[in-house]
Amino acid sequence: ILKTIVNRNKIEPLIESLGLSGKTVVVNNQRPFAFCLGFIKPKIVLSSTLIKIMNREELTTILNHEKYHLEHKDAVVSLLAKIIQSLFPFLPLISDFVKLYRIERETKADEQAIRTERERDSLVSALKKLLKFDNLPAFSTIPAFTGVESLEARILSLTRTKSKIRFSTFKSISLS
């Protein structure tokens, strides 16, 4: 759904070229965000502000990242994981599994979106823009583009720094 809220010439050809026609919705919102939503016919949701503040390369990388989530039905799996986590709050091991799953899906989506150094730079640039976005409290735009829990792992992956993601502590295993 594209109205006069964004520059149609900027986003429509891009959506078409990535094979996302009919699978992308643009909403008028002052917050920059992109996420995949839906179960039977999932869609990529982009805000008009995201489209305005990103250049073509950044939008391409963001759309490729979200396309990975769309193709792998990550929205459904994440919802199911969250439901299971809420049903068993007394088992911290489940929370650890959910966190690890989200981190893994975000880094896989990044890997799918970046195949060249230029695409890596575009994703880093897009993340920087989201982190620096003026009109909102710190990190309020990030969860839609990356979960806060996976942000550090994604940044480490993008900067090619070896990350040590703690899976389960002895305490979580013992309590579970």
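Let us look at the structure shown here. Computed from a predicted structure; not experimentally measured.

Calculation criteria
- Residues numbered from 1 in each chain as written.
- Predicted model: local features only at pLDDT ≥ 70, side-chain atom pairs only at ≥ 80, totals over all residues.
- Heavy atoms only, no water.
- Helix = DSSP H or I, 4+ residues; strand = E, 2+ residues; numbered from the N terminus.
- Contact = heavy atoms within 4.5 Å.
- Areas by Shrake-Rupley, 256 points an atom, 1.4 Å probe, with all protein chains shown as cover.
- Buried < 20%, exposed > 50% of the residue type's maximum accessible area, 1.4 Å probe, protein only.
- Arc of directions from axis to C-beta.
- Core = buried A, V, L, I, M, F, W, Y, C linked by side-chain atoms within 4.5 Å.
- Axes fitted to C-alpha atoms, helices over the stretch in contact; angles between N-to-C directions.
- Parallel < 35°, antiparallel > 145°, perpendicular 65-115°, else oblique.
- Left-handed = near helix turned anticlockwise from the far one by under 90°.
- Nonpolar A, V, L, I, M, F, W, Y, C, P; charged D, E, K, R; others polar.

### A look at the overall build of the protein
Thought 1: Within the protein, the secondary structure is distributed over nine helices and three strands.
Thought 2: Along the protein, from the amino end to the carboxyl end, the secondary structure elements read α-β-β-β-α-α-α-α-α-α-α-α.
Thought 3: Once local pairs closer than 6 in sequence are excluded, the contacts in the protein between residues at least 24 apart make up 62%.
Thought 4: Put simply, the protein shows about 10300 Å² of open surface, and 58% of that area lies on carbon and sulfur atoms.

### Details of helix H1 (residues 8-17)
Thought 1: Among the residues making up H1, those that are buried are Ile-11, Leu-14 and Ile-15. The arc that holds every buried residue of H1, seen down its axis, measures 100°, which confines them to one face. Opposite the buried face of H1, at more than 90 degrees from it, the exposed residues are Asn-9, Glu-16 and Ser-17.
Thought 2: Where H1 is buried, its residues meet strand E1 (24-27), strand E3 (43-47), helix H2 (48-53) and helix H3 (56-71).

### Digging into the environment of Ala-109
Thought 1: As for its placement among the helices and strands, Ala-109 is situated in helix H5 (residues 92-113).
Thought 2: Here Ala-109 falls in the buried class, since its relative accessible area comes to 0%.
Thought 3: With 42 residues separating them in the primary sequence, Ala-109 and Lys-67 have C-alpha atoms 8.1 Å apart.
Thought 4: Here Ala-109 is in contact with His-65, Tyr-68 and His-69, once residues within four sequence places are set aside.

### Focus on the nonpolar core
Thought 1: Ile-11, Leu-20, Leu-46, Leu-50, Met-54, Leu-59 and Leu-63 are the most contacted members of the largest nonpolar core, which totals 19 residues.
Thought 2: Of all the secondary structure elements, the ones that give two or more residues to this core are H1, strand E2 (34-37), E3, H2, H3 and helix H6 (117-132).
Thought 3: At four residues, the largest contribution of residues to this core is made by H3.
Thought 4: Once residues lying within four places of it in the same chain are set aside, the contact partners of Met-54 are Lys-10, Leu-59, Ile-62, Ala-126, Lys-129 and Leu-130.
Thought 5: If you look at the next biggest cluster of nonpolar residues, it comprises five residues, including Ile-114, Leu-123, Leu-127 and Leu-151.

### Brief notes about the packing of H1 against H3
Thought 1: Taken N-terminus to C-terminus, the directions of H1 and H3 make an angle of 40°; their axes are 11 Å apart at the nearest point. Regarding the angle of H1 to H3, the classification is oblique. The element H1 and its partner H3 pack so that their crossing is right-handed. From H1, Lys-10, Ile-11, Leu-14 and Ile-15 reach across to H3, where they touch Arg-56, Leu-59, Thr-60 and Leu-63.
Thought 2: Residue composition of the contact of H1 with H3, grouped by class: five nonpolar, one polar and two charged.

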